[in-house]
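# Fold and geometry: a report
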Amino acid sequence: MNYLQLAFEQSLFSVGISRPNPAVGAVVVRDGIVVGKGRTQRPGNAHAEVMALRDAGDLARGAAIYVTLEPCCHYGRTPPCTKAIIEAGIKEVYFAHADPNPVVRGKSRAILEDAGIKVFEGQDACERAIVESGWDDSCSHDGCKILSGNSATLAGETETRAEALAEARMLFHEIERFFEAYDYFVRNKTTFVEIKSAISQEGNMGACQPEGSHVSLKITAQGANCWNHELRAMSDAILVGAGTVLADNPSLDVRFAQGNNPVKIIWAGHHEFTAAEVSALRVFQAPVEEGIAPIVFTCVPQPALEKKNVAGAPAVEVVALSNASFVANWHEMHANLSARGMHRLMVEPGARLAEEIFRCGLWNRLDLWQSSDPAVDRALESSGAEGLAYPELPTALVARESFMLGPDVLTVYEK
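Residues numbered from 1 in each chain as written. Predicted model: local features only at pLDDT ≥ 70, side-chain atom pairs only at ≥ 80, totals over all residues. Heavy atoms only, no water.

## Considering the pairing of strand β14 (residues 365-371)
Our working rule: Buried means the residue's accessible area, taken with a 1.4 Å probe over protein chains only, is under 20% of the maximum for its type, while exposed means over 50%, and partly exposed covers the values in between. Helix and strand assignments come from DSSP, with helices taken as H or I runs of at least 4 residues and strands as E runs of at least 2, each series counted from the N terminus. Two strands are said to pair when DSSP picks up at least two bridges between them.
With six of seven residues buried, β14 lies mostly within the body of the structure. With six bridges connecting them, strand β6 (residues 192-199) and β14 associate as parallel partners. Directly across from Ile195, in β14, lies its bridge partner Leu366. Relative to strand β17 (residues 408-414), β14 is paired through seven bridges, and the arrangement is antiparallel. Along β17, the bridge assignment pairs Leu366 with Tyr413.

This is the structure in structure tokens:
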């Protein structure tokens, strides 16, 4: 077990709640027992550290707190978390990711250490957060060479310890990836756009019937689907085009991972949804969660959606775009989401929308899954439908990483 893993799990349920503040999780541990848990609340309310300290109560005195992000040290809508940590009598602080905000970065550690509190950060904190009842935990943190990653000791460690350290390092990189969109938002004041696509062995991403209608094509296996839902849980919003909504009728929720559902966004373009489509599509029928309605960005009026809103609070938010080009409309949508404080937008485009986005250039990362299972293309061929080829990738993309999960290979591209 890793205490920072528990804190990370808390943070996932803060996504979409805390924005524009970062989604942070924290746990308080005393004598090897988790005595407090917390996650950042809505703006103006308590941060994760304060929630965890409140949950721990008097048991926080002499305990350690594990938090995914560097505690804040300045007065904003709420008092500094460093102040709450010191007043609670915390003896050790472990945080996984340094806050990019210059008002916080590095200053929090100095404040806590000046108060006599031990502070550990980054990968070191993740490794020190390992706990395993079968190990000898009698050593102090300062004297424990295993947890500090001493290379001489690592050479003779047991397989169990080696695996735990490897998992701790993976956790560190997972938390780093989780906060990269927040880092980008702090530095650029704009939303990080991450595209997820899947193609068959022969490069098809969908299918089209002879009369022109698009049909759904199941490409990836369950392992890749779980990975995709984890990315959804990390994202403030998920966007698909009208063509994908009509062909796949997706729910756009998180089913195979823990966390909150992202805000559902439909890029309608010039498609006007009919009353029959609105009543049949899952994205428009799901209950509005936390008062956040699906958002439709459209270049044409949407009377059927407006009619759906008359009963009370909007069931769908319609945002009209009036620019002549896709590029201008995409930039306007991006500015709209940035103004809402959304850190990460996940896009699952169809072929046409993907091509338009690539041409536009306003995106940050492409996660491209490719199936190695020939049965996908055989099923497409036997259906009589024509495959929809994935658009040509922009030049000068850099493949940052690639790995295989079941029959599917993920390649991550950045510009």
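So, next bit.
## Details of the pairing of strand β5 (residues 118-121)
Keep this limit in mind: Note on handedness: a clockwise path from strand one over the helix to strand two, with the strands aimed away from the viewer, defines a right-handed crossover.
For strand β4 (residues 92-97) and β5, the ladder comprises four bridges, and the chain directions are parallel. Pairing of Phe95 across the sheet is with Glu121, part of β5. Once the chain exits β4 it traverses helix α4 (residues 107-114) before rejoining the sheet at β5, and the crossover so formed is right-handed.

## Quick notes on helix α13 (residues 326-339)
Basically, it comes down to this: Each helix should span, by expectation, one fewer than its residue count multiplied by 1.5 Å.
The end-to-end C-alpha distance of α13 is 20 Å, a good match for the 20 Å that 14 residues give at a rise of 1.5 Å each. If you check which residues of α13 are buried, you get Phe326, Asn329, Trp330, Met333, His334, Leu337 and Ser338. Gly341 sits one or two residues past α13 and shows a positive phi near 80°.

## Quick word on unusual backbone geometry
Glycine aside, the phi torsion of most residues is negative, and most peptide linkages are trans. The amide bond that connects Arg19 to the next residue, Pro20, takes the cis arrangement and shows omega of 10°. Tracing the chain through its elements places Pro20 in the loop between α1 (3-12) and β1 (25-30). One non-glycine residue, Lys189, lies in positive phi territory at about 60°. Looking at where Lys189 falls in the secondary structure, it is placed in the loop between α7 (159-188) and β6.

## Focus on the confidence of the model for the protein
The criterion, for reference: What pLDDT conveys is the predictor's confidence in a given residue, as a value from 0 to 100. Contact between two residues is taken to exist if any of their heavy atoms lie within 4.5 Å; hydrogens are not considered.
Mean pLDDT over the protein works out to 89, with 91% of the residues at or above the 70 mark. Contacts for the low-pLDDT stretch residues 133-157, under 50 throughout, to residues beyond four places or in other chains number 33 contacts.

## Concerning the pattern of salt bridges
This is how it is decided: A pair is scored as a salt bridge if a Lys or Arg side-chain nitrogen falls within 4 Å of a carboxyl oxygen belonging to Asp or Glu.
Within this structure, the stated rule accounts for 20 salt bridges. Salt-bridge contacts for Arg359 lead to Glu356; the nearest nitrogen and oxygen are separated by 3.2 Å. In this pair, Arg359 and Glu356 are both assigned in helix α14 (residues 351-360), three residues apart and thus about one turn of the helix distant. On the basis of relative accessible area, Arg359 is assigned to the exposed category, the value being 57%. We note a salt bridge from Arg400 to Glu414, for which the minimum N-O separation is 3.2 Å.

## Considering empty space enclosed by the protein
Empty space among the atoms can be located by rolling a probe the size of a water molecule over them. The cut-off we apply is this: Whether a set of points on the 1 Å grid over the protein atoms alone is a cavity depends on a 1.4 Å probe fitting there but being unable to get out, while an open set qualifies as a pocket with protein on both sides within 12 Å along at least five of seven lines; lining residues are those with an atom within 4 Å of a point. Grid points are joined across faces, edges and corners, and a volume is the space filled by probe spheres set on the points. Three classes are used, and their members are as follows: Ala, Val, Leu, Ile, Met, Phe, Trp, Tyr, Cys and Pro are nonpolar, Asp, Glu, Lys and Arg are charged, and the others, Gly among them, are polar.
Summed over all chains, the structure comprises one cavity of 30 Å³ or more. Lining the largest cavity are 15 residues, and of these Ala23, Phe178, Met234, Asp236 and His343 sit closest to its centre. The residue makeup of the lining of the largest cavity, split by class, is eight nonpolar, four polar and three charged.

## Considering the sheet that holds strand β8 (residues 214-215)
Sheets are built from strands paired through backbone hydrogen bonds, the pairs being either parallel or antiparallel. To keep things clear, this is the line we draw: The axes are straight lines fitted to the C-alpha atoms, using for helices just the contacting stretch, and the angles between their N-to-C directions are given from 0 to 180°.
Read from one edge of the open sheet, three strands run β8-β7-β15, paired in antiparallel fashion. In this open sheet, the two strands that pair with only one neighbour each are β8 and β15 (386-389). Relative to β15, strand β7 (residues 204-208) is paired through four bridges, and the arrangement is antiparallel. Note that in β15 the partner of Ala207 across the bridge is Gly387. Along the sheet face, helix α15 (residues 375-383) touches β7 and β15 and points at about 15° away from the line of β7.

## Here's the deal with the environment of Lys37
With respect to the helices and strands, the residue Lys37 is situated in strand β2 (residues 33-39). Considering only alpha carbons, one finds Lys37 and Ala23, 14 residues apart in sequence, at a separation of 14 Å. Here Lys37 is in contact with Gln10, Ala26, Val27, Met51, Ala52 and Asp55, once residues within four sequence places are set aside.

## Comments concerning the packing of helix α2 (residues 48-56) against helix α3 (residues 81-88)
The cut-off we apply is this: If an angle is under 35 degrees, it is roughly parallel; if it is over 145, roughly antiparallel; if it lies from 65 to 115, roughly perpendicular; otherwise it is oblique. Take the far helix as your reference; a near helix turned counterclockwise from it by less than a right angle gives a left-handed crossing, and one turned clockwise gives a right-handed crossing.
Direction vectors running N to C along α2 and α3 enclose 20°, while the axes themselves pass 9 Å from each other. Relative to α3, α2 is oriented roughly parallel. Considering the relative orientation of α2 and α3, their crossing is left-handed. Mapping the contact onto sequence places Glu49, Val50 and Leu53 in α2 and Cys81, Ala84, Ile85 and Ala88 in α3. For the contact of α2 with α3, a count of residues per class yields six nonpolar, no polar and one charged.

## Let's talk about the sheet that holds strand β12 (residues 317-320)
If you walk across this open sheet you meet the nine strands as β12-β11-β10-β9-β13-β6-β14-β17-β16, and the pairing is mixed. The sheet is open, and its two borders are formed by β12 and β16 (398-405), each paired with just one other strand. Going across the sheet, the axis of each strand differs from the next one's by a mean of 20°, ignoring polarity. On the sheet, α13 packs against β6, β9 (237-241), β10 (263-269), β11 (295-298), β12 and β13 (344-347) and is oriented at approximately 160° with respect to β10.

## A closer look at the nonpolar core
Note the threshold: Grouping buried Ala, Val, Leu, Ile, Met, Phe, Trp, Tyr and Cys residues that are joined through side-chain atoms within 4.5 Å yields what is termed a nonpolar core.
Residues Leu4, Val28, Leu53, Tyr66, Ile90 and Val93 are the most contacted members of the largest nonpolar core, which totals 58 residues. Considering every element that reaches this core, the biggest residue donor is α7, with ten residues. Those residues in contact with Leu4 that sit more than four places away from it in its chain are Tyr66, Val67, Thr68, Tyr94, Ala96, Ala125, Cys126, Ala129, Leu171 and Ile175. Core analysis: the second largest hydrophobic core is formed by 32 residues, Val347, Ile357, Leu362 and Trp363 among them.

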